[in-house]
Amino acid sequence: MNYYEVLGVAKTASQEEIKKAFHKLAHKYHPDKGGDEKKFKEINEAYQILSDKTKRAQYDQFGRVFDGSGPQAGQDGFGFNWAWGNKSQQDVEFDLNDLGDVFEEFFGFGGARKTSKKDARRGKDIEVQIEIPLEKTLNDFTEKISLQKYIVCNRCKGAGAEPGTKIKECFSCRGTGHVQQVKKTFLGSYTTITTCPECKGEGNIPEKPCNVCKGEGRVKATETIEVKIPAGVDSNQLIKIEGKGEAGKKGAKAGNLYVRIYVKQHPVFERKEDDLFTLLQISLSQAVLGDKVELKIIDETNILLEIPAGTESGKILRITGKGIPHFGGYGRGNLYVELKIDTPKKLTKKQKELFEQIRKEGL
């Protein structure tokens, strides 16, 4: 792994450039935002090395650091790439497991790939969407979401059996959840493994199914869930709530709830990543002479904005730290104010006289 390539910076990059690159990528690939967890770990690993002067010096000189870290410089443990055939003569790599899949698909050799009983009964994931105003992204907040979904049966507590009765092993599959079938073809006999039709792959059957859930261990109901949403959340971002999807069958693991965020457009401020942009109209005299004006920002507080003398229309002023908080707690973005000179369309008699005098002065 080349840490500089991971962060997208040059080998001569300053510490500040490395920090900025890390924050940008961490914001993009953070798992809580629906990003790539593997990529996020690589980014974090690269930053831990390159942000430390000693470790970075070791990495630059030797291609690794001597602190017990994992393999460096793109090697996979021992630095070997296993291939079918002579690697020096061909570039195509084969996975022997793939060959097994081919034989299994065409001839049924090796039997079916078994899915664990717990995985088969796991509850489904749920994705919901919520729309929030831009102002809400300034602070952590909680949203209540009501969902119609499968929840654990209150009578049997998810077991699927009437309270006080037993759950017995399936006689047909002996608790495995699968049964074998022998088939004959012109190529010979072969064995396939299929889901047990008696227990539906679960391996056991309740002696007496629960009267409420009919042996499934879950029922359809409405549940209200409180979702904590961090400051700095952005549109199309996913918030994952572990175990709050649909309940699994017969006490199996529940699915996850994914909340997709959509941020409404603001009438005054435009968001670009974590920076905010707005337009401020100023008079001709303010542009020429300069001025101090009050500006109401996104959190409804007022700041004093200084307009320099001789300001041209289109000039942009930056107010540091008055944008949107960075997701994950890395500070805040900036506010950019574009100044636009409001040229008067109609003038009073007095104003015309004054402008005539100004013109005579060469302005």
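This text follows the structure it describes.
In this text the structure is predicted, and so the values were computed from the model without any measurement.

(A) Highlighting the packing of helix 2 (residues 15-29) against helix 3 (residues 37-50). Packing of helix 2 against helix 3 leaves a shortest axis separation of 10 Å and a crossing angle of 165 degrees. If you check the angle between helix 2 and helix 3, you find them roughly antiparallel. Between helix 2 and helix 3 lies a crossing of left-handed hand. Here Gln15, Ile18, Lys19, Phe22, Leu25, Ala26 and Tyr29 of helix 2 come into contact with helix 3, specifically with Lys39, Phe40, Ile43, Asn44, Tyr47 and Leu50. Here the residues of the contact of helix 2 with helix 3 sort into nine nonpolar, two polar and two charged.

(B) Structural view of the packing of aromatic side chains. Applying the stated criterion across every chain, the model contains four aromatic pairs. Their ring planes at 5 degrees and their centres at 4.0 Å tell us that Phe22 and Tyr47 sit as a pair that is stacked. Residue Phe22 is found in helix 2, and its partner Tyr47 is found in helix 3; the two are separated by 25 residues along the sequence. A single burial state applies to Phe22 and to Tyr47, both of which are buried. In this structure an aromatic cluster arises from ring pairing among Tyr3, Tyr4 and Tyr59. Across from the ring centre of Tyr150, 3.9 Å away, lies the NZ or CZ of Arg218, which sits over that ring. Lying across the ring of Phe277, Lys272 places its NZ or CZ 4.9 Å from the centre.

(C) Spotlight on the packing of helix 3 against helix 4 (residues 53-62). Viewed as axis vectors pointing N to C, helix 3 and helix 4 meet at an angle of 100 degrees, and their least axial separation amounts to 6 Å. By the angle between their axes, helix 3 is roughly perpendicular relative to helix 4. Each of Gln48, Ile49 and Leu50 in helix 3 lies in contact with helix 4, whose residues at this interface are Lys55, Arg56 and Tyr59. Split into classes, the residues belonging to the contact of helix 3 with helix 4 amount to three nonpolar, one polar and two charged.

(D) Structural context of the sheet that holds strand 9 (residues 257-263). Pairing is mixed across the open sheet formed by three strands, whose spatial order is 1-9-8. Each edge of the open sheet is held by one strand with a lone partner, namely strand 1 (126-132) and strand 8 (237-241). Each strand of the sheet is rotated relative to its neighbour by a mean of 25 degrees, with strand direction disregarded. Of the pairings in the sheet, the one linking strand 8 to strand 9 comprises five bridges and is antiparallel in character. Its bridge partner being in strand 9, Ile241 is matched across the sheet by Leu257.

(E) Highlighting the sheet that holds strand 14 (residues 316-319). The four strands lie next to each other as 10-11-15-14, forming an open sheet whose pairing is mixed. If you trace the sheet from one side to the other, it starts and ends with strand 10 (270-272) and strand 14, each paired once. Between one strand axis and the next, the sheet turns by 30 degrees as a mean value, whatever way the strands run. Both strand 11 (residues 275-283) and strand 15 (residues 335-342) contribute to a ladder of eight bridges, which runs parallel. Its bridge partner being in strand 15, Leu280 is matched across the sheet by Leu339.

What counts and what doesn't
Residues numbered from 1 in each chain as written. Predicted model: local features only at pLDDT ≥ 70, side-chain atom pairs only at ≥ 80, totals over all residues. Heavy atoms only, no water. Axes fitted to C-alpha atoms, helices over the stretch in contact; angles between N-to-C directions. Helix = DSSP H or I, 4+ residues; strand = E, 2+ residues; numbered from the N terminus. Parallel < 35°, antiparallel > 145°, perpendicular 65-115°, else oblique. Left-handed = near helix turned anticlockwise from the far one by under 90°. Contact = heavy atoms within 4.5 Å. Nonpolar A, V, L, I, M, F, W, Y, C, P; charged D, E, K, R; others polar. Phe/Tyr/Trp six-rings, centres within 6.5 Å; stacked < 30°, edge-to-face > 60°. Buried < 20%, exposed > 50% of the residue type's maximum accessible area, 1.4 Å probe, protein only. Lys NZ or Arg CZ within 6 Å of the ring centre and 35° of its normal. Pairing = 2+ DSSP bridges.

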